[in-house]
Amino acid sequence: MKKQSKSFILLICTFIELTNAGNFLILGDWGGIPIRPYTTDIEESTANQMSVTATQKNSKFVIALGDNFYFTGVKNEYDHRFNETYNDVFNQPSLQVPWYVVAGNHDHYGNITGQLEYTKHSNIWTFPSLWYSKTFQFSDTSRTMKLIMIDTVVLCGNTDSDFDAMPPNGPEGWVLAEEQWAWLETELKASSDFDYLLVGGHFPVWSIAEHGPTSQLVERLKPLLEKYAVSAYINGHDHNLQHIKEDSSDVHYFTIGCANFIEDSKKHKDSIPKGSLQFYWAESSRKGGFAFVDVTDTEMSLTMIDSMGAPIHQQSIKPRNHSLKPIFP
């Protein structure tokens, strides 16, 4: 198994951004292939439809949920894959907005520090640390949102590069994992004033597909999401679209992982709470999918869209509070 780079940049970052339109895009598992043409038809189709949606909606940013470069990440910050798989594919004007990036298991097979360092070379690639948070104040809606990006490989361990379907079996560095768990709870505790709270990572908490639930996240992350009233957890890893929600919890779980490959697997359909599956999609003929999120005064609406532009699933999420407390004192 190829080991990940140890020279992590662990500057923990929190951003505050004022923005007008309260809408953005989410994709996962979009990272092309390591040989020419360094992309796939699904990735290109997803990028084209994302640009159409972003143009129509004036989207302000993109959330990228890992597996940014198949199959073994990048070699360094100067790797040609940044151009071949990213810049040259998502090159439409409407997608030249901030991309908030997190790492997946395939990214950790390579030099993950190279992806962090690439932030210095790009006007839109935003990956300052393995885990970080970003807060938004949408001036046209008066609503606020906090995005917390976590590194699930550090928390759970990595999959085996030769047997990707095998689940992670515990963190490689326990001290680093515990540092991230502590940071995450601190961030969640400090998030009570935000109308919407999203947590994004690569591995799923719940999934019915090939990889299934991630035991470490079910055990430790799920209770935190519920305790601190997180609006939704968003992830990739399984190459399809899923929406899972338990009756006993207000947390929505969205898998958005089919921007490069599509895998129609329901291998773990009996591994999630009974009755919690709200939606599943893995239609290879539609060439990929992503999500569009719109924040208004009354709701956050997440719409899953296929690469031919069809809206295939929508979920409304109400604000966590109605006090509209300001971010700034």
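Residues numbered from 1 in each chain as written. Predicted model: local features only at pLDDT ≥ 70, side-chain atom pairs only at ≥ 80, totals over all residues. Heavy atoms only, no water.

Peer 1: Tell me about helix H6 (residues 174–189), and please be specific about residues and values.
Peer 2: For H6, built from 16 residues, the straight-helix expectation of 22 Å at 1.5 Å per residue is met to within 8% by its first-to-last C-alpha distance of 23 Å. Every buried residue of H6 is listed here: Leu176, Ala177, Gln180, Trp181, Trp183, Leu184, Glu187 and Leu188. Taken end-on, H6 shows its buried residues confined to a sector of 165°, consistent with a single buried face. Across H6 from its buried face, at more than 90 degrees, point the exposed residues Trp174, Val175, Thr186 and Lys189. (Helix = DSSP H or I, 4+ residues; strand = E, 2+ residues; numbered from the N terminus. Expected span 1.5 Å × (residues − 1). Buried < 20%, exposed > 50% of the residue type's maximum accessible area, 1.4 Å probe, protein only. Arc of directions from axis to C-beta.)

Peer 1: Which residues make up the pairing of strand E10 (residues 241–244), and what values go with them?
Peer 2: Burial along E10 is two-sided: the face carrying Leu241 and His243 and the face carrying Gln242 and Ile244 are both buried. Relative to strand E11 (residues 252–256), E10 is paired through 4 bridges, and the arrangement is antiparallel. Bridge assignment links histidine 243 to a residue of E11, and that residue is phenylalanine 254. As paired elements, E10 and strand E12 (residues 277–281) share 4 bridges and run antiparallel to each other. Across the sheet, histidine 243 pairs through a bridge with phenylalanine 279, a residue of E12. (Pairing = 2+ DSSP bridges.)

Peer 1: Kindly report on the sheet that holds strand E14 (residues 300–306), identifying the contributing residues and their values.
Peer 2: The strand order across the open sheet built from 7 strands is E5-E4-E3-E2-E13-E14-E15, with neighbouring strands paired in mixed fashion. Edge positions in the open sheet fall to strand E5 (125–126) and strand E15 (311–317), since each of these has one partner strand only. Two elements, strand E2 (residues 23–27) and strand E3 (residues 62–64), share 3 bridges in a ladder whose sense is parallel. The residue of E3 that forms the bridge with leucine 27 is alanine 64.

Peer 1: Outline the pattern of salt bridges, supporting the account with residue identities and numerical values.
Peer 2: Tallied over the entire structure, the rule returns 9 salt bridges. Its salt-bridge partner being lysine 120, residue glutamate 117 comes within 3.0 Å of it at the nearest N-O pair. Accessibility expressed as a relative area gives 15% for glutamate 117, which makes it buried. What makes lysine 120 exposed here is its relative accessible area of 63%. Here lysine 269 ties to aspartate 270 by a salt bridge, and the two come within 3.4 Å at their closest N and O atoms. Across the pair, exposure class does not vary: lysine 269 and aspartate 270 are exposed alike. Here the residues in one salt-bridge network are Lys222, Glu226 and Glu246, joined through shared partners. (Salt bridge = Lys/Arg side-chain N within 4 Å of Asp/Glu carboxyl O.)

Peer 1: I'd love a proper account of helix H1 (residues 41–57), names of residues and values included.
Peer 2: Note on helix geometry: an α-helix contains 3.6 residues per turn, so any two residues three or four positions apart are oriented the same way. Taking 1.5 Å of rise per residue, 17 residues should cover 24 Å, and H1 covers 24 Å from first to last C-alpha, within 8% of that figure. Those residues of H1 that fall on the buried side of the exposure criterion are Ile42, Glu43, Ser45, Thr46, Ala47, Gln49, Met50, Ser51, Thr53 and Ala54. Looking at the buried residues of H1, the elements they touch are E2, E3, helix H2 (81–87), strand E4 (99–101), strand E13 (289–295) and E14. In the segment just after H1, asparagine 58 is the residue with positive phi, at about 60°. (Contact = heavy atoms within 4.5 Å.)

Peer 1: Which residues make up the UniProt feature "glycosylation site" (unreviewed entry) in the protein, and what values go with them?
Peer 2: Feature annotation in UniProt assigns "glycosylation site" (unreviewed entry) to the following positions: Asn111. With respect to the element layout, asparagine 111 can be found in the loop between helix H3 (105–109) and helix H4 (112–117). The partly exposed category is assigned to asparagine 111, whose relative accessible area is 21%. (UniProt positions renumbered as here; feature names shortened; annotations may be inferred.)

Peer 1: Pulling in residues and values, what's your account of unusual backbone geometry?
Peer 2: With an omega of 10°, the peptide bond running from arginine 36 to proline 37 counts as cis. Relative to the helices and strands, proline 37 resides in the loop between E2 and H1. Phenylalanine 71 follows tyrosine 70 through a cis peptide bond whose omega is 0°. Inspection of the secondary structure puts phenylalanine 71 in the loop between E3 and H2. The phi angle at tyrosine 38 is positive, at roughly 65°, despite the residue not being glycine. Tracing the chain through its elements places tyrosine 38 in the loop between E2 and H1. Residue aspartate 67 is not a glycine yet carries a positive backbone phi of 55°. If you trace the backbone, aspartate 67 turns up in the loop between E3 and H2.

Peer 1: Residues and numbers for the nonpolar core, please.
Peer 2: The nonpolar side chains of a soluble globular protein tend to be buried, and buried together. If you look at the biggest cluster of nonpolar residues, it comprises 93 residues, and the most contacted ones within it are Ile26, Leu27, Phe90 and Trp99. Here leucine 27 is in contact with Met50, Val62, Ile63, Ala64, Leu65, Phe90, Trp99, Ile256, Ala259 and Phe290, once residues within four sequence places are set aside. (Core = buried A, V, L, I, M, F, W, Y, C linked by side-chain atoms within 4.5 Å.)

Peer 1: Give a description of the packing of H6 against helix H7 (residues 215–227) that names residues and reports values.
Peer 2: One can describe the packing of H6 onto H7 by two numbers: an axis separation of 10 Å at closest approach and a directional angle of 20°. Judged on the interaxial angle alone, H7 and H6 are roughly parallel. Crossing angle aside, the handedness with which H6 passes H7 is right-handed. Across from Glu178, Trp181, Leu184, Glu185 and Leu188 in H6, the residues of H7 making contact are Gln216, Leu217, Arg220, Leu221, Leu224 and Lys227. Here the residues of the contact of H6 with H7 are counted per class, giving 6 nonpolar, 1 polar and 4 charged. (Axes fitted to C-alpha atoms, helices over the stretch in contact; angles between N-to-C directions. Parallel < 35°, antiparallel > 145°, perpendicular 65-115°, else oblique. Left-handed = near helix turned anticlockwise from the far one by under 90°. Nonpolar A, V, L, I, M, F, W, Y, C, P; charged D, E, K, R; others polar.)

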